[in-house]
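Architecture at a glance
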Amino acid sequence: MHTNSSRLTKDGIRIYEPDDFGGMKKAGQLAAQILDDIAAHVVPGQTTGELDRLITEWVDAAGATSATIGYKGYEHASCISVNHVVCHGIPGEKKLKDGDILNIDVTVIVDGWYGDTSRMYVAGNVSRKAERLIQITHDALMKGIEAAKPGNTFGDIGHAIQVYAESNRTSVVRDFCGHGLGRVFHAPPNVLHYGRPGTEAVLEEGMFFTIEPMINLGRPETKVLADDWTAVTRDKSLSAQFEHSIGITATGAEIFTLSPAGKFHPTF
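Before going into details, it helps to say that this report is about the structure given with it. Note that the structure is predicted; figures quoted are calculated from it, not measured.

Moving on, we come to the overall build of the protein. Broken down by element type, the protein carries four helices and 17 strands. Over its C-alpha trace the protein gives a radius of gyration of 17 Å, about what one expects of a compact globule, namely 18 Å for 268 residues. Expressed as a percentage of the 268 residues in the protein, the buried residues total 53%. Looking at the protein alone, contacts between residues at least 24 apart form 71% of all its contacts between residues at least 6 apart. About 11,300 Å² of surface is accessible on the protein, with carbon and sulfur atoms providing 51% of the total. The protein carries 25 positive and 33 negative side-chain charges, and their two centres are separated by 6 Å.

What follows is the structure in structure tokens.
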């Protein structure tokens, strides 16, 4: 049963109860399962619109609700961001080509809890540079999650991601960030993917949030297209992103959005 005994920190970050972890895991697992299932459909010649249609069907079949359909006028159950699209790519008639890389981002609502996750996919054969970018981005997310434990700060998370990405000659997008979530889609804090150790709010057991670094092969600058959603790299360089939803435990972090089939990384 859900109790309303959660509280807010001085930074406005909600601290959830131990009982609430189960609800978040259930929502996170559905989102992760959908991303597992879509993998077989990411092939050259497929349209991003058809991928979204399947995702919408699966959300409905699970008795869940899409958090993105109707969100600020958005009409799709996923964002699909191909090649130099950083995030918020709108599904449509675009056909995937051999060698395209894409991020698919899905958020579902199950029993009032939000499950939010995204990962990379490859259509056909992946180039060496794209494969390297995907690997660095995946590992940067995991470095951020390693830093997510009580007593550390959000600056520690951002710093871990930034140092890893920049040491591998890639750049961290600064225009978008992770966010708190739970029984709402977006809540404090903003989870930056760059930062200085020991800065920002201190992590406490019971905090729920996403970490979702966007890493570019070129420069970090982005611009949003005329549709008001699609963000692209200004220099047209490739971009990759991975996202997990996590909850802070007594000793570290529980990942709510682990892939049931172990498919979170596309080229393993």
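Before going further, it helps to spend a moment on the nonpolar core. Ranked by internal contacts, the top residues of the largest apolar core, which has 34 residues, are Val42, Leu51, Ile55, Leu102, Ile104 and Val108. Of all the elements, helix H1 (residues 20-38) adds the most residues to this core, at eight residues. Look past the residues within four positions of Ile55 in its chain and what remains in contact with it is Ile34, Ile38, Ala77, Ser78, Ile104 and Val106. Counting residues in each nonpolar core, the second largest holds 32 residues, with Ala130, Val172, Ile246 and Ile255 among its members.

Whenever strands of a sheet pair, they do so through backbone hydrogen bonds, lying parallel or antiparallel. Across the sheet, which stays open at both edges, the three strands sit in the order S5-S14-S13 with antiparallel pairing between neighbours. Edge positions in the sheet fall to strand S5 (85-87) and strand S13 (222-224), since each of these pairs with one other strand and no more. In this sheet, adjacent strand axes meet at a mean angle of 40° when their direction is disregarded. Pairing of S5 with strand S14 (residues 231-233), which is carried by two bridges, proceeds in the antiparallel orientation. Pairing of Cys87 across the sheet is with Ala231, part of S14.

Pairing in this open sheet of three strands is antiparallel, and the strands run S8-S12-S15 from one edge to the other. Across the chains shown, the open sheet's two edge strands, defined by having one partner strand only, are strand S8 (171-172) and strand S15 (239-241). One ladder, built from three bridges, connects strand S12 (residues 214-216) with S15; its direction is antiparallel. Residue Ile215 lies in a different strand from S15, and its bridge partner there is Ala240. Where helix H3 (residues 128-146) meets the sheet, its contacts fall on S12 and S15, and the angle it forms with S15 comes to roughly 35°.

Rules and cut-offs
Residues numbered from 1 in each chain as written. Predicted model: local features only at pLDDT ≥ 70, side-chain atom pairs only at ≥ 80, totals over all residues. Heavy atoms only, no water. Helix = DSSP H or I, 4+ residues; strand = E, 2+ residues; numbered from the N terminus. Rg over C-alpha atoms; globule rule 2.2 N^0.38 Å. Buried < 20%, exposed > 50% of the residue type's maximum accessible area, 1.4 Å probe, protein only. Contact = heavy atoms within 4.5 Å. Areas by Shrake-Rupley, 256 points an atom, 1.4 Å probe, with all protein chains shown as cover. Lys, Arg positive; Asp, Glu negative; His and termini not counted. Charge placed at Lys NZ, Arg CZ, Asp CG, Glu CD. Core = buried A, V, L, I, M, F, W, Y, C linked by side-chain atoms within 4.5 Å. Pairing = 2+ DSSP bridges. Axes fitted to C-alpha atoms, helices over the stretch in contact; angles between N-to-C directions.

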